[in-house]
Each structure stands twice: as C-alpha cells, then as structure tokens.
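Close look at the chain arrangement
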Amino acid sequence: MRFFEIVDQVLEYHPEADTTLLERAYVFSAKVHRGAARLSGEYYLHHPLEVAGILTRLHLDDQSIVAGLLHDVLEEKLSTSEELQGLFGPRVVAIIEGVTRLSRIEYEIHGEHQAEHLRKMVLAMTKDLRVILVRLADRLHDLRVFQLHPAALHEPMANEVFDIYAPLAGRLGIEWMKMELEELAFQCHDPEAYARISRGLAKTEQERSTYIEEVKQTLTAKLTQHGLNGRVSGRSKHIYSIYRKMMAQNLELDRIYDLTAFRIILDSVEDCYQTLGIVHAAWEPVPGRYKDYIAKPKPNMYQSLHTTVIGPYGERMEVQIRTQDMDRVAREGIAAHWFYKEANRQNGRKDNALEGIDEQEARRFSWLRQLLEPEKGWSNPKEFFETVKVDLYPDEVYVFSPQGEVKVLPRGATPIDFAYHVHTMVGHRCVGARVNGKIVPLRSELGNGDTVEILTATKHHPSKDWLNFVKTNKAKNRIRHWIKTEERDSSIGLGRDTCEREFRKRGLNFNHYLNSQELQEIAKSFSLQSVDDLLASVGYKKISAMQVVGRIQAVQPAEEPVREELPVERKRRPSADDGILVQGIDDVLVRMARCCNPIPGEAIVGYVTRGRGITVHRRSCKNITREERERQLDVRWDSGEEQSFPARIRVVYDGEKGGFGILSALLGQYDVTVSDVTMSNIMDGLVVCRMRIEVRDTEHLNRVLTALKSEKTVHEAQRVND
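The notes below deal with the structure included here. Predicted, not measured: the structure shown is a model, and the values here were computed from it.

Scoring rules and cut-offs
Residues numbered from 1 in each chain as written. Predicted model: local features only at pLDDT ≥ 70, side-chain atom pairs only at ≥ 80, totals over all residues. Heavy atoms only, no water. Phe/Tyr/Trp six-rings, centres within 6.5 Å; stacked < 30°, edge-to-face > 60°. Helix = DSSP H or I, 4+ residues; strand = E, 2+ residues; numbered from the N terminus. Buried < 20%, exposed > 50% of the residue type's maximum accessible area, 1.4 Å probe, protein only. Lys NZ or Arg CZ within 6 Å of the ring centre and 35° of its normal. Salt bridge = Lys/Arg side-chain N within 4 Å of Asp/Glu carboxyl O. 1 Å grid on protein atoms, 1.4 Å probe; cavity = no way out; pocket = protein on both sides within 12 Å on 5 of 7 lines; lining within 4 Å. Points joined across faces, edges and corners; volume = space filled by probe spheres on them. Nonpolar A, V, L, I, M, F, W, Y, C, P; charged D, E, K, R; others polar.

Another aspect to go through is the packing of aromatic side chains. Using the criterion set out here, one finds 10 aromatic pairs in the structure. When the centroid spacing of 4.5 Å and the interplanar angle of 10° are considered together, the rings of F3 and Y26 count as stacked. Here the residue F3 occupies a position in helix 1 (residues 3–13), and Y26 occupies one in helix 2 (residues 19–32), the gap between them amounting to 23 residues. Since its relative accessible area comes to 14%, F3 is described here as buried. Members of the aromatic cluster, connected to one another through ring pairs, are F162, F186, Y194, Y240 and Y243. Directly above the ring of F526 sits R551, whose terminal nitrogen or CZ lies 4.0 Å from the centroid.

Spelled out as structure tokens, the structure:
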C-alpha cells in the first residue's frame, strides 16, 4: 500500500478530508521510523501504511487514518503525547493512546468464560469506537504477514485473535474482517491442517464455482416461474468453518458434504414459505436439518428458514430463506452470527437453536453494525465519529487480578469490593491495595483495565466505615455479618463479666451455673434459644444480671448457695523473665497487656483475668475501668531486671526520598529491633509506617522518637496502641 493510494481511497468516500493532515502524519511516521525494521524483518513504515489502508476499507475519517499511520509511535516511545497533540490535535492523540493501552494488556485466557470478560473489558475501556477499529486493523495486518514473524510468536498471535479480535469484529458486524482474521489465525495456528484442507478444496474449486452458478440459475428460474421476486447468492464455506465442523463431528474432509451455502432474499413471509416448498420439491431435504426461525425467532431477534437438501449431483447444500427485513436484522444486530455460531463453536452444530441469549446485549450492539456499513454513505465521517462515544457497559467495570484473570464489578467498585469478590477471608483481612503497582486508598474507584493486588494481614478485620463506600452486595453482606458476629461475641463476653460480678455480690459462683440446666431453662423463659443468647442479651442490656440471679434463686431457694472461692493473698516474686513484682498473689502467670504494651518507667496496674493469670496494663489504659477495681492489683517494675519490651510506633515520612532506608539505619544505631511493619501511601508521596519495636524502658523509647523526629524526611513520629 502506497501513501497516494490511501489518499485516493479516502477522497473517494470523503471528499472533504484534510489531506494536509494525512501528509503531515505520513512524513512524521516516515521520519521516526526511518531505517527501523520490525521483528518480521520488513521496513517498519510498511506496517502503518498497511494499517491505514485497511482503515480506508472501513470508510473511516481522516483522524482515524492519521491514528493508523501513527498508532505505534507512543508504544515504541518514538514521540510523546504532548508532541503529537501539538502536531495532530487531541482527538488523534486520544485514539493513539487508546490503542497503546490495549496493546499493553497481557492476554492470559482461562476458558471461554474469561475470554468473554476480556472482550467486554476491551469494549468498556474504549470510549471511542475508532480505537477498537485501529487495533483490529493492526492485528489483521500482523496476521497477513505472520510468516515473517518468529515462529515462537505464531501461537500467541493466533490465540489472541481467536479469543479476542475475531469475536470483536463479529460483534461490530465487520463480517469480512472476522472471517479473514479467523482464516489467517487458523493458518498461523495449524499450518499443516490449513494446507491439507486448502489442497483438498483446490481440487474441486472450479467444480464448486460452476456448481454454485448452476444452482443460482436454477433457483432464480424456479422463483421467476412461480412469480416470486427473489435475490439468490451462493458461496463456498471458508476453511476455518470447515475445520471446526471436521473437529466437532470427527470427520475427514471427504466426508463433509455441505461445502456450499445459498441464501434467498424475498419480499414477504408468505414468499419465504412458498420458496421453501419450491426448494423441497426440486431437491430431497435432509431429515432433521430443517429449522423454522421465522415462526420461532431466536432470542437475538434472528429470523430465517434453514434447510439442507441433496442438490444436483448428490451434493448436500445448505439454503437459507428470509425477507429483506430479516436479512437486515441478521446483518445489523450483534448479528445473529456472533451469538449463534460462537455459542455453538464447541459442539459444532451450526443450526442448533441457542437459548438464553441476552436480548439487551443484542440491542446494545445493533447500532454498531449500522455505523460500519459502507453503503450507508455517511456524508462526513469525521463529524460523525467525533460525536460517537462508545459506552456499551456503563454499569460495569472490568479489572485484572495479579494472575491475569478478569473480574467483573459494578461501576464505582473499590479494592474492598474486589477483595470480597476474590474470597471472603481476603476481604476480611484486607489492609491495603495496589492498583497498577501503586498503593491507593481503599475507597478508590477502580477503572477498566486496572490490575488490582490486595494486601492482607492475618489479624486484621473489617471496619464499619467500609460500608460507607463499598458497592457490591457481597461485600456489604460479608462486612455486616462479620460485624454482627463480632458484636455478638463481645456482648457475650460483656454479659458474662456482668453476671459474674452480680453473682459474686450474692455470694454465688457463676461458673457453677454456666453449663447448668437451670441457666438453660432461664434462657428459654426469656424466649431465647441458648445460654449464649442470654449472655448476649445481658451484654446488650436487654436483660439485667439481677433478673438472671433472681430467677436462679427462685428456681432453687432452699439450696445452699455455692460460693466463689477467692485466692488466699500471698506475696511472690515472679520468675526472672517476668520483670514484674506482684503484691498479693503467688504462683500465677504474669503477662503484658497487648492493648497498651507497658514498658519500664510507666505507671502500671495488674488485672486478675479468668484463667489467664495477671495482665499488666498502663494505669492510663482505657481498658482499666472503675467498675472492676476489685480485680485490680498493685504491681511494680523489678528494677533489677534488664529486658526488652514491645512498643508500637507510627512514623510519617517522604516515601520518594529513601525514607524507610533512613528509618532502618537510625533504629539500628539505637539498638532497636523492628518487627511487624505495615506501610501505606496517604498523599503527596507521604508514607505511613506502623511498626513494632523492642525497647528497654520509656527513656529508651523517648530517645528513639526524638531521633526520628529530627530527621528531615520524617514528618511525624509517635507511640500508638495496637
């Protein structure tokens, strides 16, 4: 294809085209590609010229042709968007950027289900129809010269076309392009099978051509004889279609009889049925091969009569009979061809009725076929395409998992929605997300084509705030269920503590009644199912602990109450690795509270737990309440012991200036051990880092925090609770 030929073809259907713009694009493309060659070995400029030539066959506007000439300039980093915009305008650049974005998608298909998602994603990513058309032309020319590409690329090229581009061409109604893509991809995928079928067909090519003309003349004569006005066309089936039939039915080429197909277009439905009778009277119909899609249209509105007959010389031939309106619907919708043939691709039954077609999907694509019909004769394709914006899936967004799988989410979905779409536990443990390799806030909206990676932590749990921005019902339901379960567990624990205190005041041991039949009966008396329900109700303050004690005493008033045995007060010094001196109790486990992580130098208090010994808190800890003073003990630090204690700190620093490396070096200087580090971006390149460090006492901790605050890259450093 030469440049002047491209200009001539454009002017033929668009006399007002900006030829100066086309010339400028050609000169620029020749300049940046000067001396360059593709992997195939051909001069690079040959490829954009051929792509532009294919686009003229689609009767596209001059901006589309310019984009075809320059479509790989950004991908090859031969220019910038700013430079192109100054030379060719923002609309051309938008098309080129869209094509570049599609070319960077990694195609790893996992079954037809994923292929369908990916096709929809490609369409959803593209707001301008011309982006898809330029990309299709790019792929088509690559296949036309596939022999020049390295053999290792043939299989991926063919799979990409089979899974994505040929079906897209079919959806857009570009039948000639779909058929050529499939033929070339088949030749690229399995050249031996293609050559074998091609040789077999070549032997009878002249016979088939003669046969087709003979049948057309016979059918036309019979229609005229019966006073019917009909248009007859015939063709040989293309090689890939024949190959699919051979594979589906496990037949050799010489056993495939219906290698030709005929179509009769008439004026009315009555004429269609009359013609069917004429065909069956002329040739013997094949049993089981008649389908009436006029009386019972396919869900995608396709209507036609299909029959297979034993034609002249004993050859099987397929005949389709329809009206002009039916033919228009068949050609202009999502084109029955897509839903009908693609859905039956696996079973190979060409005339098998397809159930469950999405009619909305069919209507969604019906206008696209009309846009690309050359005979429509659009007077000014430039203005036309500038007004067309493709938004076929306004309610959906298509994103990639790190493994290359496409996930379908509602528009406005966030990383949290994606996490719960993957798995409930991934959602529960989500602490952050990377979108296209960058950490983003969890409330960020995902866009078509984004690659989403979820960051998790085992001990993390959902937040009520997530309910304010998640979009999917699955995410909302899972979050609500977790919160409800967590609140119930918390209420059961609170109800148990409340009952223990109230029972103790009455001189009773609550643990004695915990699994008793009496408490089960009391739960039923409150119309509850279990003791846990009873304790949860006490925790929610729907039932008071006094009511529970009163009913226990009412059930067994004459019995001697079972009193709780309190430990005898003794003094002890704990083992050397405790670092704590306890007053009042001996031989009991001592541990540090994880809620406040006390360290030497801070005022502390002991708290007697149920079955877990003594927990040491800071006196300022919010978990030490006045209501439980009877459980509190005096404890103090053992000044004779030197140990390390955990402390949680939060540091905000510049993430783009090697901030974390500076933090690590500084903490090492102060003999600090670091563990359990989590980081997240907030804004303007700042990073929030939460970490657990080991320090000797408050003085050691304060020195570390002061040193951190003195660093230029650090904006904030403070101690925090878990």
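The next subject is the pattern of salt bridges. For side chains bearing opposite charge, pairing can occur when the charged atoms are close. According to the stated counting rule, one finds 18 salt bridges in the structure shown. The partner of D142 in a salt bridge is R139, and the shortest N-O contact between them spans 2.5 Å. Of this pair, D142 and R139 are both found in helix 8 (residues 129–144), 3 residues apart, which corresponds to roughly one turn of the helix. A relative accessible area of 5% means that D142 is categorised as buried. Here R703 makes a salt bridge to E699, at a shortest N to O gap of 3.6 Å. In this pair, R703 and E699 both sit in helix 27 (residues 698–710), 4 residues apart, roughly one turn of the helix. The network of salt bridges with shared partners includes R135, D138, R139, D142 and E160.

For the rest of this paragraph, the subject is the layout of surface pockets. Looking at the largest pocket, its volume works out to about 1500 Å³. Taken together, the elements giving at least two residues each to the lining of the largest pocket come down to strand 9 (430–435), strand 10 (438–440), strand 18 (645–654), strand 19 (673–681) and strand 20 (686–695). Among the elements that make up the lining of the largest pocket, the one with the highest residue count is strand 19 (7 residues). Classifying every residue of the lining of the largest pocket gives 18 nonpolar, 10 polar and 10 charged.

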